[in-house]
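Each chain, written out:
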Amino acid sequence: MTDAALTPSPSGADGSAFSCRFPRLARLSVRVGLEGRLVAAFTLLLSLGLFFSSWAFMAKNQRTINDLLGEQAKQIATTLAL
């Protein structure tokens, strides 16, 4: 391979000028394309929805479990006091 093939061309025909002008995220966005970005966006939305619904479910269950454990502790204490 010659030295000319290893050096980037000043015209940017091999994409070297493009890589210098744009950040990595923009280059990745160009490579992924519209369909890939849409899939990523919908996946992100679904993941966020799943996360927040799970978080709300766990928060409600934590309150319920704390109430049940408190009531059970009261009943055990009453039983032992007799």
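What you see is a predicted model, and the numbers here were worked out from it, not measured in a lab.

About the thresholds
- Residues numbered from 1 in each chain as written.
- Predicted model: local features only at pLDDT ≥ 70, side-chain atom pairs only at ≥ 80, totals over all residues.
- Heavy atoms only, no water.
- Helix = DSSP H or I, 4+ residues; strand = E, 2+ residues; numbered from the N terminus.
- Buried < 20%, exposed > 50% of the residue type's maximum accessible area, 1.4 Å probe, protein only.
- Areas by Shrake-Rupley, 256 points an atom, 1.4 Å probe, with all protein chains shown as cover.
- pLDDT = per-residue confidence, 0-100.
- Phe/Tyr/Trp six-rings, centres within 6.5 Å; stacked < 30°, edge-to-face > 60°.
- Expected span 1.5 Å × (residues − 1).
- Bend = angle between axes of the 7 residues up to and from the residue.
- Patch = residues over 30% accessible without salt bridge, like charges linked within 9 Å, V, L, I, M, F, W, Y side chains within 5 Å.
- Salt bridge = Lys/Arg side-chain N within 4 Å of Asp/Glu carboxyl O.

Participant: Mind showing me how you'd approach the overall build of the protein here?
Facilitator: For the protein, the count of helices and strands is 3 helices and 0 strands. Taken over 82 residues, the protein has a buried fraction of 1%. Carbon and sulfur atoms make up 69% of the accessible area of the protein, which amounts to about 7500 Å² in all.

Participant: What is the right way to look at the confidence of the model for the protein in this model?
Facilitator: When pLDDT is low, close inspection of the predicted coordinates is not appropriate. Of all residues in the protein, 73% have pLDDT values of 70 or greater, and the mean over the chain is 81. Ranking the elements of the protein by mean pLDDT puts helix H1 (residues 3–6) last with 54 and helix H3 (residues 24–81) first with 90.

Participant: Looking at this structure, how should I read the packing of aromatic side chains?
Facilitator: One pair of aromatic rings is described through two measures. These are the centre distance and the angle between the planes. The tally for this structure, following the rule as stated, stands at 1 aromatic pair. Ring centres 5.1 Å apart and planes at 70° place the aromatic pair Phe-51 and Phe-52 in the edge-to-face group. On the basis of relative accessible area, Phe-52 is assigned to the partly exposed category, the value being 46%.

Participant: Looking at this structure, how should I read H3?
Facilitator: Every α-helix carries 3.6 residues per turn, so stepping three or four residues along brings you back to the same face. Helix length check: H3, at 58 residues, gives a terminal C-alpha distance of 69 Å against a target of 86 Å (1.5 Å per residue), a shortfall beyond 12%. Along H3, the sharpest change in direction is near 105° and occurs at Gly-33.

Participant: Is there a simple way to think about a nonpolar patch on the surface in this case?
Facilitator: Residues Leu-44, Leu-48, Phe-51, Phe-52 and Trp-55 make up a contiguous nonpolar surface patch of about 570 Å² in total accessible area. Looking at the secondary structure, you find Leu-44 in helix H3.

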